[in-house]
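Single-letter residue listing:
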Number of protein chains: 2
Amino acid sequence: MRYKCAVKSFKVVHIVRHGVRANASVNGAQSIRRAAQILRVVASFSGRGATLGEVVASSALQKATVHRMLRALCEEGLVEQDELTRNYRIGVGIFALNASMGDRFDIRSLAQDALQRIRDQTEDTVYLAIRSGYDGLCLALYEGTYPEKTLKLSVHDRWPLGVGAFSMPLLAFLPDGEVNEIIEHNAVRLAGDELHTAALLLKRVGDTRARNYAVNTIEAYPTMCAIGVPVLDAQQRPIASVCLTAIISRMPPERRERIATLLWAESKKISEAWQQLRSVVAQVDSWRTIQPGRKAQATQVGV
Amino acid sequence: MRYKCAVKSFKVVHIVRHGVRANASVNGAQSIRRAAQILRVVASFSGRGATLGEVVASSALQKATVHRMLRALCEEGLVEQDELTRNYRIGVGIFALNASMGDRFDIRSLAQDALQRIRDQTEDTVYLAIRSGYDGLCLALYEGTYPEKTLKLSVHDRWPLGVGAFSMPLLAFLPDGEVNEIIEHNAVRLAGDELHTAALLLKRVGDTRARNYAVNTIEAYPTMCAIGVPVLDAQQRPIASVCLTAIISRMPPERRERIATLLWAESKKISEAWQQLRSVVAQVDSWRTIQPGRKAQATQVGV
DNA sequence: ACAAATATTCCACATTATGGACCGAGCAAA
DNA sequence: TTTGCTCGGTCCATAATGTGGAATATTTGT
């Protein structure tokens, strides 16, 4: 009864075609789905941009299809093609769309105070991350004041979902179905990485859920310890994650627990602020008045 | 020879179907085009969100089509539906995509210094705007120190392209074809507004181009005067606009000229910074290494 | 200069998206 | 309560749209 949305026929159609399988819950939207996927893939290459081939390789779509879609997305301004390298990257159109929402999604400024409080209380380095496609994307970093630093991650870094204590909460607090899908998807690019096999990731998801926060001790960095918790929205879906790192000597079990509690407390505050912003969203933002005409809205100009 | 992009067959196909006409330069991408249009429409309603009917009215598309697309966009996270009002608004997915580009599109911080310089030198209020769909969207405002203020515009306000001195440069410095298309598009919602008929807008576009900056004196606010110039990218396309407003008594013709020169100078600086950001974009951003595999990129994890 | 890799385009075909008609919930007036 | 209206959501026969294999063009590397 959570979602009011009246979806009558929630058909899950398995289309097997040319060996490619896709499951769609909305019919008649294949190309939108694909376009969105392509956008995510392009985004995952950050500012460097992705070549056509890379997008094809990362999307399990036909080259011609990808190309056609990228061209269309370019013309719509959602993607832009580097004149020199011909790489495709996210375009200003996305920025413009995002800007229309004002700062309502700017979790960075929303979380700012909370993160600083954590940093000040712990003297350790604190990170904020969001999900971006199949990656966790580090949005902000508040460097700790404690002399021995553990800077392994910088702003704009993106790690596969579930890899790292900042990325894991974004994965682990998703419903099982999505967790599986994501792990399966990432398995391809994590192939050969013995530290992040599908089985290991799945196990760590379980561990994270059980202890209610993510820890990264083992793995590639034996000298540091990171603790991460998600920021959940009203539907208990992770919208972001907050993560703290310190050298391992500063992280005895009891301090871990204390840190996790602190992170959760601040996470709750962030999600409250988020939800508040969501609930006032319905009110009119600006000066404009809408008068739906025959074919388009009429905007009252003047005043 | 401006665009390197090798478009061989630039077919303009006029599809007349059920009385709806569309011109497409990329074939086989109707639904992407439509989806993008819907995104823009939804964005134009800001945080309030748009009802299904409003989107239909503003998009000249069929209700069923719009609904299906909105649902798909929702599932992809590019749009979200308010649980209460059922209005559709831009979703976090857009934020995530935008975040992947780091601050490369954040013209707001790029322009910050320039705008402050202008404000400090003139004591008047300065605005920064971008194009968002068929509107100019005010992104930032630096309030002047001169006692008599002329605050008519706030951050997040959106005015139809060409209406207002901050919005006009975004329109006027576009190629003719696009200017016409935009004016035509906006004509519907500006219907009945005698101050902004298509003919008047077109004339003002010409005037703006001739004098090389936009002025807004007449119109609805006889007490104030606004001057606006675009920020152009490497292809001379407007990416933003900078606008200054003051009470009309502070704006004799010679000062207008001086202001315009100042605005242009700062605009140039902004666009240099913009282009700089663009040119280093090709370099690798972060730790990740791409190894295109059979089906997906392989990301080197660790280090 | 040649080959290999990569990007772009073409086009016959059928899968996918279309849109007119329909349904039903919510609401206001009768 | 009933009637009538609006508006969000759904259905499904139909053909237009998007597909993708293959051909071609371009760039890159040696």
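For the structure, see preceding data.
Numbering of residues starts from 1 in every chain and runs along the sequence as written. Each chain takes a letter, starting from A, and each ligand takes a number, starting from 1, following the order in which they are written. For a predicted model such as this one, the threshold for reporting local features is a pLDDT of at least 70, and the threshold for listing and counting side-chain atom pairs is 80 or more; totals across whole chains, interfaces and linings nevertheless cover every residue. The basis for every side-chain value is the complete set of heavy atoms in the structure, and neither hydrogens nor water enter the calculation.

Draft legend 1. Examining the pairing of strand 10 (residues 238-247) of chain B more closely. Residue and element names in this part refer to chain B. Residue exposure (1.4 Å probe, protein chains only): buried if accessible area is under 20% of the type maximum, exposed if over 50%, otherwise partly exposed. Here a helix means four or more residues in a row that DSSP labels H or I, a strand means two or more in a row labelled E, and each is numbered from the N terminus. Among the 10 residues that make up strand 10, 10 are buried, leaving the element largely enclosed by the rest of the structure. Examined bridge by bridge, strand 5 (residues 125-132) and strand 10 share 5 bridges and lie antiparallel to one another. Bridge assignment links Val126 to a residue of strand 10, and that residue is Leu244. In this structure, strand 9 (residues 224-232) lies alongside strand 10, joined through 9 bridges in antiparallel fashion. Across the sheet, residue Pro230 finds its bridge partner in strand 10, namely Ser241. The turn linking strand 9 back onto strand 10 is made up of 5 residues, and Gln236 within it adopts a positive phi angle of 65°. One requirement defines pairing of two strands: DSSP has to find at least two bridges between them.

Draft legend 2. Just the packing of helix 2 (residues 52-59) of chain A against helix 3 (residues 63-75) of chain A, in detail. All names here are of chain A. Structural elements are reduced to axes, namely lines fitted to C-alpha atoms, with helices fitted over the stretch in contact, and the angle between N-to-C directions of any two is expressed from 0 to 180 degrees. Where helix 2 contacts helix 3, the two axes come as close as 9 Å, and the packing angle between them is 115°. Both helix 2 and helix 3 take part in a crossing whose hand is right-handed. Along its contact with helix 2, which presents Leu52, Val55, Val56 and Ser59, the element helix 3 presents Lys63, Val66, His67 and Leu70. What makes a crossing left-handed is the near helix being turned counterclockwise from the far one by less than a right angle; a clockwise turn instead makes it right-handed. Two residues form a contact once any of their heavy atoms are found within 4.5 Å.

Draft legend 3. Structural view of helix 4 (residues 92-100) of chain B. All names here are of chain B. Most of helix 4 sits out of view: 8 of its 9 residues are buried. Regarding helix 4, the residues found buried are Gly93, Ile94, Phe95, Ala96, Leu97, Asn98, Ala99 and Ser100. Residue Gly102 follows helix 4 closely and has a positive phi angle near 60°.

Draft legend 4. Molecular detail of the nonpolar core. In these notes, a set of buried Ala, Val, Leu, Ile, Met, Phe, Trp, Tyr and Cys residues joined through side-chain atoms within 4.5 Å is what counts as a nonpolar core. One finds Ile107(A), Val242(A), Ile107(B) and Val242(B) to be the most contacted residues of the largest nonpolar core, which totals 174 residues. With residues near it in sequence (within four places) discarded, Ile107(B) still touches Phe95(A), Leu128(B), Ile130(B), Leu139(B), Ile239(B), Ala240(B), Ile270(B) and Trp274(B).

Draft legend 5. The arrangement of the pairing of strand 9 (residues 224-232) of chain A in detail. All names here are of chain A. The buried fraction of strand 9 amounts to 9 of the 9 residues, a majority that puts the element mostly inside the structure. With 3 bridges connecting them, strand 8 (residues 214-216) and strand 9 associate as antiparallel partners. Pairing of Asn216 across the sheet is with Ala226, part of strand 9.

Draft legend 6. Highlighting unusual backbone geometry. Residues and elements named next belong to chain A. Even without glycine at this site, Arg86 takes up a positive phi of about 65°. Counting through the fold element by element, Arg86 comes out in the loop between strand 3 (79-81) and strand 4 (88-90). In this model, Asn212 sits at a positive phi of 75°, which is unusual for a non-glycine residue. As for its position among the elements, Asn212 is in the loop between helix 8 (198-211) and strand 8.

Draft legend 7. Expanded view of the pattern of salt bridges. When a carboxyl oxygen of Asp or Glu is within 4 Å of a side-chain nitrogen of Lys or Arg, the pair counts as a salt bridge. Tallied over the full model, the rule gives 37 salt bridges over all chains. Between Arg189(A) and Asp135(A) there is a salt bridge, with the nearest N and O atoms lying 2.1 Å from each other. On the criterion of sequence distance, the pair formed by Arg189(A) in helix 7 (residues 176-189) and Asp135(A) in strand 6 (residues 135-142) is long-range, its members being 54 residues apart. Take Arg189(A) and Asp135(A): they sit in the same class, and that class is buried. Among the ionic contacts, a cluster of salt bridges with common partners joins Arg33(A), Arg40(A), Glu75(B) and Glu76(B).

Draft legend 8. Molecular detail of the environment of Glu80(A). Mapped onto the elements of the fold, Glu80(A) is located in strand 3. With 11 residues separating them in the primary sequence, Glu80(A) and Gly91(A) have C-alpha atoms 4.7 Å apart. Leave out the neighbours within four places in its chain, and Glu80(A) touches Cys74(A), Asn87(A), Tyr88(A), Arg89(A), Ile90(A), Gly91(A), Val92(A), Phe105(B) and Arg278(B). Each polar contact in these results corresponds to two N or O atoms within 3.5 Å; when the atoms are within protein, one needs to be able to donate a hydrogen and the other to accept it, and residues that are neighboring in sequence are counted only if both atoms are side-chain atoms. Here Arg89(A) takes part through its side chain, which lies 2.4 Å from a polar atom of the side chain of Glu80(A).

Draft legend 9. Fine view of the sheet that holds strand 7 (residues 158-160) of chain B. An order of 7-6-5-10-9-8 (chain B) is seen for the 6 strands of this open sheet, with the pairing classed as antiparallel. The open sheet terminates on both sides in strands that have one partner only, identified here as strand 7 and strand 8 (214-216) of chain B. For this sheet, the mean inter-axis angle between neighbouring strands, taken without regard to orientation, is 30°. Strands strand 5, strand 6 (135-142) and strand 7 of chain B of the sheet are contacted by helix 4 (residues 92-100) of chain A, whose axis makes an angle of about 120° with strand 5 of chain B.

Draft legend 10. Up close: the side chain of Asn87(A). All names here are of chain A. As for its placement among the helices and strands, Asn87 is situated in the loop between strand 3 and strand 4. On the accessibility criterion, Asn87 (9% relative accessible area) is buried. Looking at Asn87, its side chain comes within polar contact range of the main-chain oxygen of Arg48, at 3.2 Å.

Draft legend 11. Region of the structure containing helix 2 of chain A. Residue and element names in this part refer to chain A. Counting buried positions along helix 2 gives 6 out of 8 residues, so the element sits mostly inside the fold. Those residues of helix 2 not exposed but buried are Glu54, Val55, Val56, Ala57, Ser58 and Ser59. Two residues or fewer past helix 2, Ala60 is found with a positive phi of approximately 55°.

Draft legend 12. Representation of the packing of aromatic side chains. Planes of paired rings set the category: under 30 degrees apart is stacked, over 60 is edge-to-face and the rest tilted, where pairs are Phe, Tyr or Trp rings (Trp by its six-membered ring) whose centres lie within 6.5 Å. Summed over all chains, the structure comprises 8 aromatic pairs over all chains. Their ring planes at 70° and their centres at 6.0 Å tell us that Phe173(A) and Trp264(A) sit as a pair that is edge-to-face. Within this pair, whereas Phe173(A) is found in the loop between helix 6 (168-172) and helix 7, its partner Trp264(A) is found in helix 9 (residues 253-279), the two being separated by 91 residues in sequence. No difference in accessibility class separates Phe173(A) from Trp264(A), as the two residues are buried. The rings of Phe95(A), Phe105(B) and Trp274(B) are connected pair by pair, giving a single aromatic cluster.

Draft legend 13. Expanded view of the sheet that holds strand 5 (residues 125-132) of chain A. With respect to topology, 6 strands assemble into an open sheet ordered 7-6-5-10-9-8 (chain A), the strand pairing being antiparallel. Here the strands that pair on one side only, and so sit at the sheet edges, are strand 7 (158-160) and strand 8 of chain A. Direction aside, the axes of adjacent strands within the sheet are offset by 30° on average. With respect to the sheet, helix 4 of chain B is in contact with strand 5, strand 6 and strand 7 of chain A, its orientation differing from that of strand 5 of chain A by roughly 120°.

Draft legend 14. Inspection of the environment of Lys268(B) at higher detail. For Lys268(B), the position within the fold is in helix 9 (residues 253-279). When the C-alpha atoms of Lys268(B) and Leu232(B) are compared, they prove to be 7.7 Å apart, with 36 residues separating the residues in sequence.

Draft legend 15. Main features of the packing of helix 1 (residues 30-44) of chain A against helix 3 of chain A. All names here are of chain A. The interhelical angle for the contact between helix 1 and helix 3, taken along N-to-C directions, is 80°, at an axis separation of 10 Å. When the axis of helix 1 is compared with that of helix 3, the two are roughly perpendicular. From helix 1, Ser31, Arg34, Ala35, Ile38, Leu39 and Val42 reach across to helix 3, where they touch Thr65, Val66, Met69, Leu70 and Leu73. Orientation labels follow simple angle bins: below 35 degrees gives roughly parallel, above 145 gives roughly antiparallel, 65 to 115 gives roughly perpendicular, and whatever is left gives oblique.

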